[in-house]
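An overview of the molecular structure
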Amino acid sequence: MTQMSRREFFKKAAADAALVTVLASRAKTLRANPLGMPIGCQTWPVRSMIAKDFPGTIKQLAAAGFQRIELCSPVGYADSGFGGLAKFTGPELRRILGDAGVSCESSHFGIKELRDDVENRIAWAKDVGLTQMMVPSLDGPKNPTSDDVKRAADEYNRIAEHSARAGIQQGLHNEDFELATVDGKRVYDMLLDLLDPKLVKFQFQCSTISRGYDAAEYFTKYPGRFISMHVQDWSPEKKQTVAVGQGSLDWKKIFTAGKAAGLKNYFV
């Protein structure tokens with residue numbers, strides 16, 4: 001396959017992935033490697049390409065310069081383009097990734113699939129070679145009570161105990177339920193208090209600045225709790241996610257705080 005730039009790849013892929021502009025932008029800035037670790041790519045924006053050709057898509061991501069990728073589970077994300085990954089065994093997935101020259105230590109899992117059969121999902125993660133299992137949301141009610149938040153935290157702590165015994169770190173993203181409030185207090189902040197810091201780490205979604213969630217502030221306030229982040233930018237004028245470097249986020253401040261906080265990886 002001919003080599004192409006990260007920007008060229010995602011321009012070519014734009015018809016298949018609505019969010020590829022986020023991944024394609026600021027290639028030179030990303031190559032500066034601000035955290036001193038491999039540049040990662042979340043595969044959600046290229047999910048339609050993965051549904052058609054997983055090995056080929058991974059090769060293209062590697063050719064564009066990405067060194068790490070973050071998957072989505074074929075069980076929890078079966079209807080989002082990742083169901084086809086189930087046809088590969090864990091060792092086969094590891095081989096495909098290794099042949100492309102990328103590493104994969106992290107994947108997203110839906111909380112329901114962990115509720116239904118956590119040991120099976122841990123076994124799959126081990127087979128693929130993952131060290132992190134990230135959950136996008138604990139899927140609590142839209143207007144939760146403090147009891148709802150505590151129940152969700154207790155459940156996730158129990159799930160995380162299973163993962164810890166297998167040597168895998170659980171991590172929580174910040175979406176829907178986590179962005180709610182209870183009596184004026186952020187559910188996300190409540191979860192940071194309720195979740196066991198040894199069992200559960202966090203992955204910050206940078207575009208939640210749109211709701212007032214500042215990555216640098218959280219990294220600084222909670223050192224050691226965040227191990228990962230999703231790199232996205234936000235335009236207050238357009239009120240939408242935009243290409244990295246074309247929005248309002250102060251990336252120097254975020255990366256500086258993230259490095260001090262102990263981030264282990266980041267995914268564009």
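In this report, the structure presented in the accompanying data block is examined. Please read all numbers here as calculations on a predicted model, not as lab measurements.

As for unusual backbone geometry
Trans peptide bonds make up the majority, and among non-glycine residues the majority have a negative phi. One non-glycine residue, Asp-183, lies in positive phi territory at about 50°. Along the chain, the position of Asp-183 falls in the loop between β6 (181–182) and β7 (185–186).

Details of the environment of Ala-78
With respect to the helices, strands and loops of the structure, Ala-78 is situated in the loop between β2 (68–72) and α6 (90–100). On the basis of relative accessible area, Ala-78 is assigned to the partly exposed category, the value being 38%. The sequence separation of Ala-78 and Ala-51 amounts to 27 residues, and the corresponding C-alpha distance is 9.8 Å. Ignoring any residue separated from it by four or fewer positions in sequence, one finds Ala-78 in contact with Ser-73 and Gly-83.

Some points on the pattern of salt bridges
Summed over the entire model, instances satisfying the criterion amount to eight salt bridges. Among the ionic pairs, Glu-113 bridges to Arg-121, the shortest N-O distance being 2.8 Å. This pair shows no difference in class: Glu-113 is buried, exactly as Arg-121 is. We note a salt bridge from Asp-193 to Lys-185, for which the minimum N-O separation is 3.5 Å.

Topic: helix α5 (residues 54–63)
Counting buried residues in α5 gives seven out of ten residues, a clear majority hidden from the surface. Sitting at the amino-terminal end of α5 is Asp-53, which places a side-chain oxygen 3.0 Å from the backbone nitrogen of Gly-56. Count one or two residues on from α5 and you reach Gly-65, which has phi positive near 110°.

A short note on the nonpolar core
Formed by 80 residues in total, the largest nonpolar core has its most connected members in Phe-54, Phe-204, Phe-219, Phe-226 and Met-229. Here this core gets seven residues from one element, more than from any other, and that element is helix α7 (residues 111–128). Non-local contacts of Phe-204, meaning those with residues more than four positions away in its chain, are made with Asn-174, Tyr-188, Tyr-213, Asp-214, Ala-215, Tyr-218, Phe-219, Phe-226, Ser-228, Met-229 and His-230.

Looking at the packing of aromatic side chains
A complete count under the given rule lists 19 aromatic pairs for this structure. The structure contains a cluster of three or more aromatic residues connected by ring pairs, namely Tyr-188, Phe-202, Phe-204, Tyr-213, Tyr-218, Phe-219, Tyr-222 and Phe-226. The ring of Tyr-213 has Arg-186 sitting right over it, with the charged end atom 3.9 Å from the ring centre.

Focus: the layout of surface pockets
As a volume, the largest pocket reaches approximately 670 Å³. Around the largest pocket, the lining comprises 33 residues; the ones closest to its centre are Trp-44, Pro-136, His-173, Glu-175 and Gln-205. Those elements that provide at least two residues to the lining of the largest pocket are α2 (20–24) and α7. In terms of residue class, the lining of the largest pocket is built from 14 nonpolar, 13 polar and six charged.

Quick notes on the pairing of β2
Among the five residues that make up β2, five are buried, leaving the element largely enclosed by the rest of the structure. Direction of pairing for strand β1 (residues 40–42) relative to β2: parallel, over a ladder of three bridges. Bridge pairing in β2 links Gln-42 to Glu-70. Where β2 lies against strand β3 (residues 103–108), four bridges are found, and the strand directions are parallel. Directly across from Cys-72, in β3, lies its bridge partner His-108. At this point the chain moves from β2, through α6, to the parallel β3, and the crossover so formed is right-handed.

A word on the packing of α5 against α6
At a closest axis distance of 9 Å, the pairing of α5 and α6 adopts a crossing angle of 35°. Judged by the sense of rotation from one axis to the other, the crossing of α5 with α6 is right-handed. Across the interface between the two elements, Phe-54, Pro-55, Ile-58, Lys-59 and Ala-62 from α5 touch Leu-93, Ile-96, Leu-97 and Ala-100 from α6. Looking at the contact of α5 with α6 residue by residue, the class counts come to eight nonpolar, no polar and one charged.

Section: helix α8 (residues 146–165)
Across its 20 residues, α8 extends 29 Å between first and last C-alpha, which sits within 8% of the 28 Å expected from 1.5 Å per residue. Every buried residue of α8 is listed here: Asp-148, Val-149, Ala-152, Ala-153, Tyr-156, Asn-157, Ile-159, Ala-160 and Ser-163. Turning to α8, the residues buried within the fold contact α7, β4 (132–135), β5 (169–172), β6, α9 (187–194) and β8 (200–205). Residue Gly-167 follows α8 closely and has a positive phi angle near 80°.

Cut-off values and rules
- Residues numbered from 1 in each chain as written.
- Predicted model: local features only at pLDDT ≥ 70, side-chain atom pairs only at ≥ 80, totals over all residues.
- Heavy atoms only, no water.
- Helix = DSSP H or I, 4+ residues; strand = E, 2+ residues; numbered from the N terminus.
- Buried < 20%, exposed > 50% of the residue type's maximum accessible area, 1.4 Å probe, protein only.
- Contact = heavy atoms within 4.5 Å.
- Salt bridge = Lys/Arg side-chain N within 4 Å of Asp/Glu carboxyl O.
- Polar contact = N/O pair within 3.5 Å; in protein donor to acceptor, adjacent residues only side chain to side chain.
- Core = buried A, V, L, I, M, F, W, Y, C linked by side-chain atoms within 4.5 Å.
- Phe/Tyr/Trp six-rings, centres within 6.5 Å; stacked < 30°, edge-to-face > 60°.
- Lys NZ or Arg CZ within 6 Å of the ring centre and 35° of its normal.
- 1 Å grid on protein atoms, 1.4 Å probe; cavity = no way out; pocket = protein on both sides within 12 Å on 5 of 7 lines; lining within 4 Å.
- Points joined across faces, edges and corners; volume = space filled by probe spheres on them.
- Nonpolar A, V, L, I, M, F, W, Y, C, P; charged D, E, K, R; others polar.
- Pairing = 2+ DSSP bridges.
- Right-handed = clockwise from strand over helix to strand, strands pointing away.
- Axes fitted to C-alpha atoms, helices over the stretch in contact; angles between N-to-C directions.
- Left-handed = near helix turned anticlockwise from the far one by under 90°.
- Expected span 1.5 Å × (residues − 1).

By themselves these figures say nothing about function.
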